[in-house]
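Given next are the chains, with one letter for each unit.
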Amino acid sequence: MIGRIHSSESFGTVDGPGIRYVLFMQGCPMRCLYCHNPDTWSLQGGREVSVDEVLAEYKKNQAFYKNGGITVTGGEPLLQIDFLIELFKKAKNMDIHTCIDTSGVTFDPHDAEHMKSIDELLSYTDLVMLDIKHVDAEKHKELTGRDNGNILAFARHLETRGVPVWIRHVVVAGYTDDTDYLHKLGAFIATLSNVKALDVLPYHNMGESKYREMGIKYRLEGTPSLSNSKAAEARRTILEGMRTAKK
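A brief structural summary. (Residues numbered from 1 in each chain as written. Predicted model: local features only at pLDDT ≥ 70, side-chain atom pairs only at ≥ 80, totals over all residues. Heavy atoms only, no water.)

1. Quick notes on helix α8 (residues 228-246)
Given 3.6 residues per turn, any residue in an α-helix points the same way as the ones three and four places further on.
Here is step 1 of the chain: The end-to-end C-alpha distance of α8 is 27 Å, a good match for the 27 Å that 19 residues give at a rise of 1.5 Å each.
Here is step 2 of the chain: When α8 is considered as a whole, its buried residues turn out to be Ala231, Ala234, Thr237, Ile238, Gly241 and Met242. Along the axis of α8, the buried positions cluster into a sector of 145 degrees, meaning they face one direction only. Among the exposed residues of α8, those oriented more than 90 degrees off its buried face are Asn228, Ser229, Arg236, Arg243, Thr244 and Lys246.
Here is step 3 of the chain: The elements touched by buried residues of α8 are β7 (165-171), α6 (179-189) and β8 (195-202). (Helix = DSSP H or I, 4+ residues; strand = E, 2+ residues; numbered from the N terminus. Expected span 1.5 Å × (residues − 1). Buried < 20%, exposed > 50% of the residue type's maximum accessible area, 1.4 Å probe, protein only. Arc of directions from axis to C-beta. Contact = heavy atoms within 4.5 Å.)

Structure, rendered in structure tokens:
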């Protein structure tokens, strides 16, 4: 099975538990305003690799991954679900911890073949890092160009399947930094019994130069980067919303 990747990282420390081999898959249907890797959008970009090539690269540093494993991120990794199924199936046969970092945007509960593939993949998946961009449908579309109905449905499907989830959320001034909104996000997360962690990340504009190089308009030009302390404050607000919802 051949997949198309943007790049890989041998010693990732922020893409799941432990030290991990991280595979950045090529292609993404969303156009998040704060995306710092527009070079991952096209399905024709990057380079081709086989599952066996990926696992051979993993084996080179396997001793360092004792408490880690393999994470596939993007782009949007679920665009290449057949590749992921073969990779994770072989990885589990090697007792490797498997993690997907995804927005869930490709999820289609009305497509029987897709659901069969999703559930097969999840049977080999130890952790999903789910990037929730916004819980309001219209605001989500404004922020990413896509509706979020299937994404929230994917979150609920992961709960049904009992797959552990880490929620990731980026705080952007003027979009996702409002207290009422953060409480609303917390209330949604509180409905999911399989959430094991919450990562709240501050918006930064470090990818702006890539947009200029690629001739793409950077639509968040002038939006201030957020400090780590503000992101930590937003995380506390989300947790407050979760506690309130559970009362």
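There's plenty left to go through after this.
2. Here's the deal with the packing of aromatic side chains
Here is step 1 of the chain: Going through the model one piece at a time under the given rule, you end up with six aromatic pairs.
Here is step 2 of the chain: Relative to Phe64, the ring of Phe11 lies with its centre 5.5 Å away and its plane at 90 degrees, an arrangement referred to as edge-to-face. Linking Phe11 in strand β1 (residues 2-12) with Phe64 in the loop between α1 (51-60) and β4 (69-73), this pair joins segments that are 53 residues apart in sequence.
Here is step 3 of the chain: By the ring-pair criterion, three or more aromatic residues cluster together here, those being Phe11, Tyr58, Phe64 and Tyr65. (Phe/Tyr/Trp six-rings, centres within 6.5 Å; stacked < 30°, edge-to-face > 60°.)

3. Structural notes on the pattern of salt bridges
Here is step 1 of the chain: Applying the stated criterion across every chain yields a total of 13 salt bridges.
Here is step 2 of the chain: By sharing partners, the salt bridges in this structure join Asp15, Asp101, Arg168 and Asp199 into a single network. (Salt bridge = Lys/Arg side-chain N within 4 Å of Asp/Glu carboxyl O.)

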